[in-house]
Amino acid sequence: MQSAGRDGTFGRQDKPGRTYYSAAKPIMSEEEVFMASAGQSITIESKSRSRLGLIVTGLVGSSLVALYAVATPFVTPALRKICLPFVPATTAQVENVLNALRARSGTLVDIGSGDGRIVIAAARHGFVASGFELNPWLVWYSRYKAWREGVHRSTSFYISDLWKVSFAQYSNVVIFGVPQMMDKLELKLENELPSTSKVVACRFPFPNWVPEHTTGEGVDTVWVYNAESFQSLRHSGVAKKITGTLQKHIREGRCCDLVNDCQKYMLFS
């Protein structure tokens, strides 16, 4: 039996004369129950929004990092002293290169190989072909494409700066260059290539060399050069320069300079 105490508590009388008291549980009104439920809902909704915000922030950040990683190799060529952007060769350009080299064989190098289409096409025609490219994404794609088309054993692609590579081992050279680099590349190839090599320039010709012939027209034109011809032209130019220098020393009576230059040219020409 229950009985009310003086302090508002309720007691339970188990035995006559003994009553046990306990605190009464407060009864919540409907308004209080509604407010408590609403507070819990707001708390859960806030946590859900916070979690969603973190997920969205993570996705956006990851997307920006991925975009930067992919775009940087394509954008950085424009920031170099000599800008050599990636512009894919047209089907006509590829065909013109192959036609220009149809009587040739052996090793071939594509300087600035891009997505590898020249190298892969050359490998299909029997060349042992290599490509040098600074953009790692394009090199990896070229390797995959060569593997997919079954010519990976006769092709190779390297992530490298063309100015840091020697091309002495190649008998055929293909270059899609820009005017700002052609003078410097002329000197490099003159010094490195064997006299039996052929050089095919696409889009822009070399400024000082005389081509054997050209193939195609417009933007698809290719210029074909014989290494023996441009190397002999260079040697004849050096010979003229030496002759002019020595004659100048003789006219001016500079005997010491004449002797020194004779020794220099004999040693290093």
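Everything discussed here concerns the structure shown above.
The paragraphs below set out a description of the structure included in this document. For clarity, every value in this text was computed on a predicted model and none was experimentally measured. (Residues numbered from 1 in each chain as written. Predicted model: local features only at pLDDT ≥ 70, side-chain atom pairs only at ≥ 80, totals over all residues. Heavy atoms only, no water.)

### Remarks on helix α4 (residues 136-148)
An ideal rise of 1.5 Å per residue puts 18 Å on 13 residues; α4 measures up with 18 Å between its terminal C-alpha atoms. Burial in α4 covers these residues: L138, V139, S142, K145 and A146. For α4, the angular spread of the buried residues around the axis is 125°, confining them to a single face. Two or three places before W137, at the opening of α4, N135 has a side-chain oxygen 2.9 Å from that residue's backbone nitrogen. Positive phi shows up at G150, right after α4, with a value of about 80°. (Helix = DSSP H or I, 4+ residues; strand = E, 2+ residues; numbered from the N terminus. Expected span 1.5 Å × (residues − 1). Buried < 20%, exposed > 50% of the residue type's maximum accessible area, 1.4 Å probe, protein only. Arc of directions from axis to C-beta. Polar contact = N/O pair within 3.5 Å; in protein donor to acceptor, adjacent residues only side chain to side chain.)

### A closer look at the nonpolar core
Of all hydrophobic cores here, the largest spans 25 residues; its most connected members are V97, L101, L108, V174, V200 and C202. Elements that contribute at least two residues to this core include exactly α2 (91-100), α3 (117-124), α4, β7 (172-176), β8 (198-202) and β10 (222-226). When near neighbours in sequence (up to four residues on either side) are disregarded, V97 contacts I118, V174, V200, C202 and V222. By size, the runner-up hydrophobic cluster in this structure holds 23 residues, among which are F132, I175, L185 and F230. (Core = buried A, V, L, I, M, F, W, Y, C linked by side-chain atoms within 4.5 Å. Contact = heavy atoms within 4.5 Å.)

### Remarks on the sheet that holds strand β4 (residues 107-111)
An order of β6-β5-β4-β7-β8-β10-β9 is seen for the 7 strands of this open sheet, with the pairing classed as mixed. At either margin of the open sheet sits one strand with a lone partner, and together these are β6 (155-159) and β9 (213-215). Within this sheet the neighbouring strands show an average axis-to-axis angle of 20°, counted without direction. Looking at chain direction, β8 and β10 are connected through 5 bridges and run antiparallel. From the neighbouring strand, V200 faces β10, where its bridge partner is V224. The strands that α4 touches are β5 (128-133) and β6; relative to β6, the one it contacts most, it runs at about 170°. (Pairing = 2+ DSSP bridges. Axes fitted to C-alpha atoms, helices over the stretch in contact; angles between N-to-C directions.)

### Comments concerning the pairing of β8
In terms of residue burial, β8 counts as a mostly covered element, since 5 of its 5 residues are buried. For β7 and β8, the ladder comprises 5 bridges, and the chain directions are parallel. Along β8, the bridge assignment pairs N172 with K198. This β-α-β element, β7 to helix α5 (residues 179-192) to β8, shows right-handed connectivity. (Right-handed = clockwise from strand over helix to strand, strands pointing away.)

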